[in-house]
Amino acid sequence: MTKRALIVGITGQDGSYLAELLLQRDYEVHGLVRRASGFNTDRIDHLYRDPHDPEARMFLHYGDLADGTGLRRILQQVMPDEVYNLGAQSHVKVSFEQPEYTGDVDAMGALRLLEAIRDISTLSDKEMKFYQAGTSEMFGAAPPLQSEATPFHPRSPYAAAKVYAYWATVNYREAYGLFAANGILFNHESERRGETFVTRKITRAATRIKLGLQDKLYLGNLDAKRDWGHANDYVEAMWLMLQQEEPGDYVVATGETYPVRDFVARVFGHLELDWERYVEVDPRYFRPTEVEVLQGNPTKAQTVLGWSPRVGFDELVRRMTDHDFELALQERTLKEAGHLFASRGMATL
Ligand code: NDP
Ligand code: GDR
């Protein structure tokens, strides 16, 4: 029997890798797409086939985590075996500027999904397994190493909303017997990472600087330390969590941590540039409360799920930098041919 999955957040970094993984494993994949004035499906365009094509196995539905009725309708239509909630206002700094919206989407959005699954699976007697995208940000001020046993101390509206969603997921498991699992994923990046997150902001800027398309890179706190892996490895852990006999909560991390400054130095070093000539600190990128050090202990994921990361820090830096160097080359070629008059607005967050 073909399994059916619904991915909320399919257009995001993780959603696109998870859709690839599930299609490779012969799932029928359904994804929620937000209505926007332009196209917002860049990351999954390579997977898309016209629904009239008999080979099509990925289907998109308009929806939003703020719209509970729509979520219910899609769940009833699709009747998925597995639901992955990856949808979120996922930028920590933005959450200080839009706390109410972030709470509505990241906390209440998860609750809306859980409520719909609870009702539909009770009425239909169909099990719908649920994955909630929890985050290392929930640990916030808690000192490293952080594991499943570490108490949460969120440091942003984003993290507080994710803590709510985490406990709602645990509660629906305990109260109603739902197969509901929380991943507590540490930072994971990729060639598809949003350009306002620090790693991609650095690789985009450094490669453009290398080709004379940009002069400076302005960053915030260079001392914050993060445990960075590759997104493609991390979506496999999500899938594994829903293949277990019993639902549970898992830390997914590499176990290594590096300051932002080291990421900068390695990217510029890879391009044979001296980063200190180009990087300036601008306090506008500081957060009202910062998360200083994240370093996860992935022992449970290793032993129970049999999961471990394949891509390490150096390879992550190399892959992202090489990818963005290609993008910068394309941009330079277009500019020199007179086809590009203005560079696209680069990350300001
Ligand atoms: P992205 O920001 O790349 O993707 C977020 C996705 O959520 C996008 O598809 C976005 O749609 C969608 N979305 C945003 N708002 C809504 C809404 N109101 N209703 C429905 N969908 C919405 O995040 P990532 O792929 O990096 O992360 C996936 C999830 O994992 C997020 O929940 C994030 O908070 C969490 N997480 C991420 C980590 C990381 O390091 N990447 C670590 C730990 C947790 P659109 O494309 O239209 O914007
Ligand atoms: P984070 O990722 O907040 O950890 O959340 P981000 O890349 O935004 O920041 C990492 C660290 O870098 C510092 N920093 C800057 N950050 C940004 N964005 N821009 C800058 O110019 C800059 N300069 C320094 C930050 O202060 C921070 O310490 C990500 C998101 O994907 C969340 O959704 C996810 O839950 C967590 O990772 C785990």
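Shown above is the structure to which this text applies.
For the structure given in this document, a descriptive report is provided here. (Residues numbered from 1 in each chain as written. Chains lettered and ligands numbered in written order. Predicted model: local features only at pLDDT ≥ 70, side-chain atom pairs only at ≥ 80, totals over all residues. Heavy atoms only, no water.)

1. Some words on the sheet that holds strand E4 (residues 82-85)
Strands sit in the order E3-E2-E1-E4-E5-E6-E11 across an open sheet of seven strands; the sheet is parallel. The open sheet has two edge strands, strand E3 (58-62) and strand E11 (249-252), and neither has a second partner. Averaged over neighbouring strand pairs, the angle between their axes works out to 20° when direction is ignored. Two elements, strand E1 (residues 4-8) and E4, share four bridges in a ladder whose sense is parallel. Following the sheet pairing, Ala-5 is matched in E4 by Glu-82. (Pairing = 2+ DSSP bridges. Helix = DSSP H or I, 4+ residues; strand = E, 2+ residues; numbered from the N terminus. Axes fitted to C-alpha atoms, helices over the stretch in contact; angles between N-to-C directions.)

2. A look at the site of ligand 1
The environment of ligand 1 is formed by 25 residues, the closest being Thr-11, Asp-14, Asp-64, Ser-90 and Tyr-158. Within the side chain of Lys-162, a nitrogen or oxygen atom sits 2.8 Å from an oxygen atom of ligand 1. Look at ligand 1: alone it shows 900 Å² of surface, and the protein chains cover 90% of it. Mapped onto the shell around ligand 1, the elements with two or more residues apiece are helix H1 (13-24), helix H4 (99-124), strand E5 (129-135) and helix H5 (157-176). Looking at the shell around ligand 1, the element that brings in the most residues is E5, giving three residues. Class assignment of the residues belonging to the shell around ligand 1 gives a composition of nine nonpolar, 11 polar and five charged. (Near = heavy atom within 4 Å. Polar contact = N/O pair within 3.5 Å; in protein donor to acceptor, adjacent residues only side chain to side chain. Areas by Shrake-Rupley, 256 points an atom, 1.4 Å probe, with all protein chains shown as cover. Nonpolar A, V, L, I, M, F, W, Y, C, P; charged D, E, K, R; others polar.)

3. As for the pairing of E4
Because side chains alternate across E4, one face comprises the buried residues Glu-82 and Tyr-84, and the other comprises Val-83 and Asn-85, equally buried. Judged from the four bridges that link them, E4 and E5 form a sheet pairing that is parallel. Of the residues in E5, the one forming a bridge with Glu-82 is Lys-129. (Buried < 20%, exposed > 50% of the residue type's maximum accessible area, 1.4 Å probe, protein only.)

4. Quick look at the site of ligand 2
Within the structure, ligand 2 sits among 23 residues, and Ser-90, Thr-135, Tyr-158, Arg-287 and Glu-290 are positioned closest to it. Between ligand 2 and Asn-187 there is a distance of 2.9 Å, counted from an oxygen atom to a side-chain nitrogen or oxygen. Contact between ligand 2 and Val-198: an oxygen atom at 2.8 Å from a main-chain N or O atom of the residue. Its free accessible area being 700 Å², ligand 2 has 96% of it covered by the protein chains. Its residues assigned to classes, the shell around ligand 2 shows nine nonpolar, eight polar and six charged.

5. Quick notes on the packing of aromatic side chains
Tallied over the full model, the rule gives 13 aromatic pairs. Seen in terms of ring centroids, Tyr-258 and Phe-313 are 3.7 Å apart; in terms of plane orientation they differ by 10°. Their pairing is stacked. Taken together, the residues span a long stretch of sequence, with Tyr-258 in strand E12 (residues 258-259) and Phe-313 in helix H10 (residues 313-336) at a distance of 55 residues. This pair shows no difference in class: Tyr-258 is buried, exactly as Phe-313 is. Three or more aromatic residues joined by ring pairs form one cluster here, namely Phe-139, Phe-152, Tyr-166, Trp-167 and Phe-186. Positioned above the aromatic ring of Phe-179, the side-chain terminus of Lys-129 is 4.4 Å from the ring centre. (Phe/Tyr/Trp six-rings, centres within 6.5 Å; stacked < 30°, edge-to-face > 60°. Lys NZ or Arg CZ within 6 Å of the ring centre and 35° of its normal.)

6. Digging into the environment of Arg-208
By the secondary structure assignment, Arg-208 is in helix H6 (residues 198-210). Of note is the side chain of Arg-208, whose polar atom sits 2.8 Å from the side chain of Gln-214.

7. Points about the pattern of salt bridges
Within this structure, the stated rule accounts for 26 salt bridges. As a salt-bridge pair, Arg-310 and Glu-236 come within 2.8 Å of each other at their nearest N and O atoms. Remark: Glu-236 occurs in helix H7 (residues 231-241) and Arg-310 occurs in the loop between helix H9 (299-305) and H10; sequence separation between them is 74 residues. Between Glu-336 and Arg-332 there is a salt bridge, with the nearest N and O atoms lying 3.9 Å from each other. Of this pair, Glu-336 and Arg-332 both sit in helix H10, separated by four residues, roughly a single helical turn. Residue class for Glu-336 comes out exposed when judged on its relative accessible area of 64%. Ionic contacts of the salt-bridge type, sharing partners, join the residues Arg-25, Asp-233, Glu-236 and Arg-310 into one network. (Salt bridge = Lys/Arg side-chain N within 4 Å of Asp/Glu carboxyl O.)

8. Quick word on the environment of Asp-215
Relative to the elements of secondary structure, Asp-215 occurs in the loop between H6 and strand E8 (217-219). C-alpha separation for the pair Asp-215 and Val-279, spaced 64 residues apart in sequence, amounts to 9.3 Å.

Any functional reading would require information that these geometric values do not contain.
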